[in-house]
Amino acid sequence: MHQRQKPSAPERTSDPAADGGALSMSHNDSRSLLNFSQLVLSAGQIKPSPALKHSKITYFEVEILDMQSKKQICIVDKVPPASTVLDVKHKFHKACPQWYPSRVGLQLERNGPFLKDSINIQSLAVSSIITLYFTDLGQQVGWTTFFLTEYTGPLLIYLLFYIRLSTIYDQVESRKNFRHPVVHLACFCHCLHYIRHLLETLFVHKFSEGHTPLKNMIKGCAFYWGFTSWIAYYINHPRYTPPSFGHRQVSYAALAFLMCEAGNHFINVALAHQTNSGNKTCFPSPTYNPFTWLFLLVSCPNYTYEAGSWISFTVMTQTLPETDMERRHMILFFKSSSLVVGIFAFLMVIQMSLWAQKKHKLYLKRFYPEVRRKAAMIPIIF
């Protein structure tokens, strides 16, 4: 019999492939970890994402009071620091629709000057609450509309008298009496003066403020339109007589008138194109153009030329009172016609001298070294 042998315990044999695979895996993991560490070290520290900074903007509250009663009208809130007075006016208009921005006058103090639209609201602030006083400026019109209306009227009115309408003059006298050449020359000069004003209003002048009260336009139109009717009635009348010294007086006066008109135009162009030195505007200086040399003597040569135009027009259209008229009212008529243009010229000189004095004071503040030795309008006198 064969004895059954007990099976021996199974010997543990190592699988070299399995062991080698385990070793290779652990070696790869360590190498990957080493590479990752080197990558981190080469990239530097990982910076945390910066926290968002919330900028704090200080808003202002503008309290608007009535200037007369000191009662509060409204409060304009959340006004950014970069806002201007014009922005406040627009927000005020939204709160009170009956007040248009053009007719709103805002003052920092009662009875103080009106704030310009371009002023930054932050420059007025002492605290977060700004108190302004409101004044109704009334119905407003634009400066362009103001001047176009004021200058178009005299141009058309004079032409109505020049054609001698039957409703103004007696047609029988108009046919009998011959028109002196100075009548045609006066019409040309008068129309040239106001056409120049109209063209400069449209293409030359620059207006700092956008509006002016309607009552100012009414007063200006009444002055210009009224005097134009008075002047044109006498110059274009059938009984008009030529100047005392005849052709020589007319020629010299017309030449002076044209020179003053040219000078006025070139001065307005120079004022509209003032040179800038850095951030500072420089006062216009004389150029090669001889019409600008008047800047050496006066600060407002445009008013000087304007006055010269009307004085020349007065001399050119001066009439000769005829003493051999049988009726007294004829003598009075010619005396009136010889003085009417002179009265208008005198009033214009007075008005322009006042404007020149006002501008001269502003020029002294802005351009003191340049204008301190200059007169305002007429050397020595003004």
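Scroll up to find the structure this text is about.
The text that follows walks through the structure, step by step, so that each part is easy to find.

1. A word on the pattern of salt bridges
Across all of its chains, the model carries 6 salt bridges by this definition. For K89, the salt bridge goes to D117, with nearest N and O atoms at 2.7 Å. Of this pair, K89 sits in helix 2 (residues 85-95) while D117 sits in the loop between strand 3 (104-107) and strand 4 (129-136); the two residues are 28 residues apart in sequence, bridging distant segments of the chain. With its nearest N and O atoms 2.8 Å apart, the salt bridge here joins R103 to D136. Highlighted residues: R103 in the loop between helix 2 and strand 3 and D136 in strand 4, separated in sequence by 33 residues. Salt bridges sharing common partners tie together R196, E200, E261 and E306.

2. Focus on the pairing of strand 2 (residues 72-79)
Within a regular strand, side chains alternate between the sheet's two faces. Judged from the 5 bridges that link them, strand 1 (residues 60-66) and strand 2 form a sheet pairing that is antiparallel. What sits directly across from E63, in strand 2, is I75. The turn joining strand 1 and strand 2, which pair antiparallel and follow one another in sequence, is formed by 5 residues; a positive phi near 65° is taken by K70.

3. A short note on the packing of helix 5 (residues 181-203) against helix 8 (residues 301-316)
With their axes 11 Å apart at the nearest point, helix 5 and helix 8 run at an angle of 165° to one another. Classified by the interaxial angle, the pair formed by helix 5 and helix 8 is roughly antiparallel. Of the two elements, helix 5 crosses helix 8, and the hand of that crossing is left-handed. Where helix 5 abuts helix 8, its residues V182, L185, A186, C189, H190, H193, Y194, R196 and H197 lie against E306, W310, F313 and M316.

4. Considerations on the nonpolar core
Y158, I231, F313, M316 and F344 are the most contacted members of the largest nonpolar core, which totals 58 residues. Among the secondary structure elements, those contributing two or more residues to this core are helix 3 (143-162), helix 5, helix 6 (214-235), helix 7 (246-272), helix 8 and helix 9 (328-366). A total of 9 residues in this core trace back to one element, the largest contributor, which is helix 9. Ignoring sequence-local partners within four residues, the contact set of F344 consists of Y194, F223, Y224, F227, I231 and W310. Membership of the second largest hydrophobic core comes to 18 residues, among which are F60, C74, V88 and L124.

5. Some points on helix 3
With 20 residues, helix 3 ought to run about 28 Å at 1.5 Å a step, and its terminal C-alpha atoms sit 29 Å apart, in line with that. For helix 3, the full list of buried residues reads F146, F147, E150, Y151, G153, P154, L155, I157, Y158, F161 and Y162. Residues of helix 3 that are buried sit in contact with strand 5 (140-142), helix 5, strand 6 (211-213), helix 6 and helix 8.

Conventions we followed
- Residues numbered from 1 in each chain as written.
- Predicted model: local features only at pLDDT ≥ 70, side-chain atom pairs only at ≥ 80, totals over all residues.
- Heavy atoms only, no water.
- Salt bridge = Lys/Arg side-chain N within 4 Å of Asp/Glu carboxyl O.
- Helix = DSSP H or I, 4+ residues; strand = E, 2+ residues; numbered from the N terminus.
- Pairing = 2+ DSSP bridges.
- Axes fitted to C-alpha atoms, helices over the stretch in contact; angles between N-to-C directions.
- Parallel < 35°, antiparallel > 145°, perpendicular 65-115°, else oblique.
- Left-handed = near helix turned anticlockwise from the far one by under 90°.
- Contact = heavy atoms within 4.5 Å.
- Core = buried A, V, L, I, M, F, W, Y, C linked by side-chain atoms within 4.5 Å.
- Buried < 20%, exposed > 50% of the residue type's maximum accessible area, 1.4 Å probe, protein only.
- Expected span 1.5 Å × (residues − 1).

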